[in-house]
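Geometric and topological summary
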Amino acid sequence: MADIPEKFLKPYSPSETEGRIYKLWEESGLFNPDKLGERHKEPFTIIMPPPNANGSLHAGHAVFVTIEDLIIRFKRMQGHKTLWLPGADHAGFETQVVYEKKLEKEGRSRFGMDPEELRKEIMDFTLHNKQFMEGQLRELGSSCDWSREKFTLDSDIIKTVYGTFQKLYNDGLVYRGKRTVNWCPKHQTSLSELETESTEEQTPFYYLKYGPFTIGTVRPETKFADKYVVVHPNDRRYAKYKHGDKLTVEWINGPIEATIIKDEAVEKDFGTGAMTITPAHSQIDFEIAKRHGLDVEPIIDLRGKLLPLAEEFAGQKITEARAKIVEKLTAKGLLVKTDENYKHTIKRCYKCLGAIEPQVRDQWFIKMPPLAKPVIEKIEKDEIVFYPEQYQKIMLHWLRSIEDWNVSRQIVWGIPIPAWYHEKKCIPKPGREEDVGKCIETIVSLDQPECEFCNAKYEQDSDTFDTWFSSGQWPFATLGFPDSKDFKEFYPTQVMETAGEIIFFWVARMLMLGLYRTGKLPFSTVYLHGIVTAKDGQKMSKSKGNVISPLELSEKYGTDALRMALIIGNTPGTTTALYEEKINAYKKFANKLWNISRFIFEMTPHTGKDSELTKEDAEKWKIFTDLSKEITDDLENYRFYLAGEKLYHYLWHEFADKIIEESKDILKGENTLEKQSRVFLLNSVLSSSLKLLHPFMPFITEEIWQSSPWKNGSTPLMIETWPH
RNA sequence: GCGCCCUUAGCUCAGUUGGUAGAGCAACUCAUUUACACUGAGAAGGUCGGGGGUUCAAGUCCCUCAGGGCGCACCA
């Protein structure tokens, strides 16, 4: 019997342990790859997906922290020079929406506020949350290098982002132009395709008399100024009309001169095969208008209200105006019939689920096909490994049908677009009178440009970048592209681990922008975890009231138990249910491990010397080392769920239930050789098991290690050598 | 429309290149000052969604049907 620390006489207490252990790691400096010893040569890098600094961490964050920390701890023990670079995301639109809700509660609104004032307020809010979030990452055991932490609004990040925009502009891959954008009338900004979602709805489909034509529409409220009627060039029903023919028709607010347009975009079999177009509020109509040089007249303002063109309906919200307009159409005898069973999909803002109102606006776009092409080629050559592998196909499918990306947002919370526009007034500088008209209207530049020819000023674009434009450059921007030591040493990184949900938003953009800017793909492995759901498989959401906070769980059951619950049963890409019974099971496991250690420390005074194993013990050792190899192999191949389960099963039902139970008789017995062999076996299995288990349950394994007789000076378990 | 995935024990899910089904939880029967009740022992539970094919051998590969989920794009 040996004396053991008193704490082993009580059940394992995470709350008395975790803070102390984290401090021990952090003070050792070993999260920083530069502080790791000689053994750690080959770099292994993970760039953390920066959590949004606008709230608490949720279960999804806990998953990424657990998986990434697991990989990093495993690689660190194997002897890699590991860098896990943490960050925080200003999360442009997301944060602005969160902040707007806060303003709303306070009875305030962002509209009418001074943009600079608003920006400052959101910055304070974000920085406060950022600090809070960092504390939570620590509680979850993150062994990331805090000395290299980055924020998406750091000046060096912005500089890199501007550099990329400038390069895209110089290469002709950026353009500014009038195009139909997804406009959210509530949030007063345009959105990318990814930021909208479609819902199917049943909407009345109206057939309206438009002169000799009958046209179909679901949106009579946009039709006031419709002066083009479009039919397919091969439609025999309308063969007697020629492209460009004009005729006067009686319309909603009186007679209107209509022009006939023939365009192949019209489906002959849909409706009557004839439609009028509203180019200002429909992408397809806009494209038709562009092809034929037609007028584009706005009908709806940015708040979703009808413009003066609508005469008596002006100022009304489109949703309210529709019924009244239909009433008027009916009264005028223009309504032919209504199909009440028509189903179509409409786009909605992914945040407020309000209907998107297409608007034609001047916006910045990035040409995506040229950026996607080289990435597609690399993926086809298997230069990236996807876990789960079906995401390779999903990614290729998306990249092959990619569309240009609207990167300008009409919100203040973000990185301002470095574009400058020439003032309207233009008085030539003395002596440059003959250069009138040569002034460059738009300049992309970091600094305020000066006009060569006149005294006019350049004003900066008031829009900001889509957050994902800057996040898409995160791996090389955080490492100090292009010249820093870190960039040269740690780029390209090894693994990108993130939520499957943001594969297009983020992963695809990082691949494209990373390859474009640095010539190399930013990572060689993509691991995508699924959504964490409640026990019944329902998505966690505040409105359902089934959200469970990872920090509360970690306080109640211990971080290690939470981590195990998040790893085991969590295969890449699939949803994982997280619930208290499951976490509790691993809390019990932590205690089991605690008592295994207590038994061994108490009953088997460690001699510090290797002993010869009996034939029986050698067999047991062989079984363990085989398992250890299997676990290493599982971890190398990202099968964390399997490795975790195997360790759990072995330690509890083999080591504790069988080996330790039978050891009781051996240790009480008289056979010295058998006893020495068994003492050596128990110590060896436990010390190696703690190492194997450390990436999964870092706190308790480190705590036990610190009390163990085989501890190597002050070296934490965190950098002990991985068992071979 | 285009694409991806799922269906295995009551529940949640594993099952890596085809070798004859596993874990956790729940439920059942015992044990009860044990390193640990945050426990142990034991037993029970599945024709692997249906059908067909390839094979000596299929939960695993191919085809097909049914049910479910997801992504992308859509005609006013």
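Everything that follows concerns the structure shown earlier in this document.
Notes on the structure in this doc start here. (Residues numbered from 1 in each chain as written. Chains lettered and ligands numbered in written order. Predicted model: local features only at pLDDT ≥ 70, side-chain atom pairs only at ≥ 80, totals over all residues. Heavy atoms only, no water.)

1. Let's talk about the protein's contact with RNA strand B
Here is the rule we go by: We call a residue near a molecule or strand whenever a single non-hydrogen atom of that residue lies within 4 Å of it. A 3.5 Å cut-off defines polar contacts: any pair of N or O atoms within that distance qualifies, except that in protein one atom must be a possible hydrogen donor and the other a possible acceptor, and neighbouring residues in sequence count only when both atoms are side-chain atoms. In DSSP terms, a helix is any run of H or I states spanning at least four residues, a strand is any run of E spanning at least two, and both are numbered starting from the N terminus. Side-chain classes are defined by residue name, with Ala, Val, Leu, Ile, Met, Phe, Trp, Tyr, Cys and Pro counting as nonpolar, Asp, Glu, Lys and Arg as charged, and the others, Gly among them, as polar.
The environment of RNA strand B is formed by 42 residues, the closest being Phe270, Met275, Thr345, Arg639 and Trp652. One of the backbone nitrogen or oxygen atoms of Phe270 is found 2.5 Å away from a base nitrogen of RNA strand B. The side chain of Asp657 places a nitrogen or oxygen atom 3.4 Å from a phosphate oxygen of RNA strand B. When contributions to the surface near RNA strand B are tallied by element, the ones reaching two or more residues are β15 (343–349), α9 (390–400), α16 (580–603) and α18 (640–668). Looking at the surface near RNA strand B, the element that brings in the most residues is α18, giving 11 residues. In the surface near RNA strand B, the residues fall into 18 nonpolar, 11 polar and 13 charged.

2. Re the pairing of strand β12 (residues 254–262)
Here is the rule: Per-residue accessibility, obtained with a 1.4 Å probe over protein chains only, is compared with the maximum for each type, and a residue is labelled buried under 20%, exposed over 50%, and partly exposed between these values. Strand pairing is defined by DSSP finding a minimum of two bridges between the two strands.
For β12, the tally of buried residues reaches seven of nine residues, placing the bulk of the element in the interior. Here strand β10 (residues 228–231) runs beside β12; their pairing, made up of four bridges, is parallel. Within β12, the position partnered with Val229 by the bridge is Ile260. Two elements, strand β11 (residues 246–251) and β12, share six bridges in a ladder whose sense is antiparallel. Opposite Thr248, over in β12, you have Glu257 as the bridge partner. Where β11 folds back on β12, the antiparallel hairpin that results is connected by two residues.

3. Description of the sheet that holds strand β8 (residues 205–210)
Our working definition: Each axis is a line fitted through C-alpha atoms, taken for helices only over the stretch in contact, and angles between the N-to-C directions span 0 to 180 degrees.
Overall, antiparallel pairing links the three strands, which are arranged β9-β8-β14 in an open sheet. The open sheet has two free edges, formed respectively by β9 (213–217) and β14 (335–339), since each of these has just one partner strand. Pairwise comparison of adjacent strand axes, ignoring direction, gives a mean angle of 20° for this sheet. In the sheet, β8 pairs with β9 via five bridges, with the strands oriented antiparallel. Its bridge partner being in β9, Tyr206 is matched across the sheet by Thr217.

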